[in-house]
Amino acid sequence: MTRFALIINQQSGKKDKDQLVEVIIHFLKTQGIPETAITSYYPTSPKETLDMARKACLNRFDRIIPLGGDGTVKLVCAGIYEGGGYSRLGLIPTGTVNNLAKALGIPLNTQKALETLFSGREKAIDMAKVNDHYMISSLTLGLMADMALSVTPESKRRYGALAFIKAGWKVFLRRRSYRVQVTSDQKSQALKTKLLLVTMSNTVAGLPGFNQKDTVDDGFFTVYTLRRTHFIRFFLYFFLRIGAFNRFRHWDSFQASELRLINSRKKSKNNPNIRIDGDPAGKLPAVIKIIPKAITVIVPSNSKQAET
């Protein structure tokens, strides 16, 4: 008998979680899953979210479904990994961005996403460890991380990309650059950059448009650095995606499976903020290591990512 665990973050996303839980349980019952095989968990903190996912995995739940944003999904992925990887991740997109779901081709429609749990196929995907944090999608350092500090979860839900434009223009106009010593498993270099971005797939902030060769299971992440930019052009390309992103100039990029980032400036006020999968994650130094094919996700059978 297939057993399901629902891990519900009631504070994230746009959908009514109680109603959604009822919809999910009803659907599972129509598929022959008895209610006794479905357990709902309501964590009250990030640590508890990870702990509950780990315990559910250790208790041999076949499917674990996180209901929340990308931060909740990341914590559940981490719990499955730390719990030994027995459980399969089932994604029902309920967050604001849903980056991992989009990268994997998971339908955003709840009914279709639920059907995928039974009609889809298994796909092993990479994760990364950043100091004591896990990463499933991206890390930002500098410009993007500084802007995000001024954006509340409520304004992000209500206004989307416009929230960053509203809160971030003052940060942008400071025209601050950061000096970072970047050491990978392939090379070491000193960089002066406006923005450093580490991506686990071709999809960032819920939108495609980066390196088309990036996949969720290639054993690498891609590091992008931005030398200089223009305020309006930056928002048109990065947030609103007006125009092909690969035409945006001034990016440098390389792939790696391990990376060390150190602030080259001595003053602590010049030490850049970092964010992992949209959540604050402190400042440098940071050590990033890939965890190849760390967990297994149920993806649509016709998903391009499922075929790689």
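Scroll up to find the structure this text is about.
Scope of this entry: the structure provided in the associated data block. (Residues numbered from 1 in each chain as written. Predicted model: local features only at pLDDT ≥ 70, side-chain atom pairs only at ≥ 80, totals over all residues. Heavy atoms only, no water.)

Notes on unusual backbone geometry
Cis peptide bonds are those with omega within 30 degrees of zero, and the linkage from Leu284 to Pro285 qualifies with 10°. Residue Asn98 is not a glycine yet carries a positive backbone phi of 60°. The topology assignment puts Asn98 in the loop between strand E4 (88–89) and helix H4 (99–104). Taking the relative accessible area as the measure of exposure, Asn98 reaches 11% and is therefore buried. (Helix = DSSP H or I, 4+ residues; strand = E, 2+ residues; numbered from the N terminus. Buried < 20%, exposed > 50% of the residue type's maximum accessible area, 1.4 Å probe, protein only.)

Regarding helix H3 (residues 70–82)
Under the 1.5 Å per step criterion, the end-to-end length of H3 is 18 Å for 13 residues, consistent within 8% with the ideal 18 Å. Counting buried positions along H3 yields eleven of 13 residues, so the element is predominantly enclosed. The complete set of buried residues in H3 reads Asp70, Gly71, Thr72, Val73, Lys74, Leu75, Val76, Cys77, Ala78, Gly79 and Ile80. Residue Gly84 follows H3 closely and has a positive phi angle near 105°. (Expected span 1.5 Å × (residues − 1).)

Let's talk about the nonpolar core
Ranked by size, the top nonpolar core spans 51 residues in total, and within it Ile64, Leu89, Leu91, Leu100, Leu104, Met127 and Ile295 carry the most contacts. For Ile295, the contacting residues outside a window of four places in its chain are Cys77, Ile80, Tyr81, Leu89, Lys123, Ala124, Ile125 and Met127. In terms of nonpolar packing, the next biggest core, distinct from the first, is built from 25 residues, Val182, Ala281, Leu284 and Ile288 among them. (Core = buried A, V, L, I, M, F, W, Y, C linked by side-chain atoms within 4.5 Å. Contact = heavy atoms within 4.5 Å.)

Points about the packing of aromatic side chains
In the structure shown here, the tally under the stated rule is four aromatic pairs. An angle of 65° between the planes, with centres 6.0 Å apart, marks the rings of Tyr81 and Tyr134 as edge-to-face. Taken together, the residues span a long stretch of sequence, with Tyr81 in helix H3 and Tyr134 in strand E6 (residues 133–135) at a distance of 53 residues. For Tyr81, a relative accessible area of 33% gives the class partly exposed. Of the residues examined, Tyr134 reaches a relative accessible area of 10% and is grouped as buried. Each residue in the set Phe4, Phe27 and Phe118 is aromatic and connected to the rest through ring pairs, giving one cluster. Lying over the aromatic face of Phe61, Arg3 brings its terminal NZ or CZ to 4.0 Å of the ring centre. The lysine or arginine in question, Arg60, covers the ring of Tyr86, its NZ or CZ lying 3.8 Å from the ring centre. (Phe/Tyr/Trp six-rings, centres within 6.5 Å; stacked < 30°, edge-to-face > 60°. Lys NZ or Arg CZ within 6 Å of the ring centre and 35° of its normal.)

Some points on helix H2 (residues 46–58)
If you check H2, its first and last C-alpha atoms are 19 Å apart, about what 13 residues at 1.5 Å a residue would give, namely 18 Å. Against the buried residues of H2 lie strand E1 (4–8), strand E2 (38–41), strand E3 (63–67), H3 and E6.

A short note on the pattern of salt bridges
Counted according to the given criterion, the structure contains seven salt bridges. Glu35 is the partner of Lys29 in a salt bridge, and the nearest nitrogen-oxygen pair spans 3.3 Å. For Lys29, a relative accessible area of 43% corresponds to the partly exposed category. Residues Glu122 and Arg88 are paired through a salt bridge, measuring 3.3 Å at the closest nitrogen-oxygen approach. One end of the pair, Glu122, is in strand E5 (residues 121–130); the other, Arg88, is in strand E4, and 34 residues separate them in sequence. Exposure remark for Glu122: the relative accessible area of 44% places this residue in the partly exposed category. Salt bridges sharing partners connect three or more residues here, namely Lys47, Asp51, Arg54 and Glu82. (Salt bridge = Lys/Arg side-chain N within 4 Å of Asp/Glu carboxyl O.)

That is the geometry; function is a separate question.
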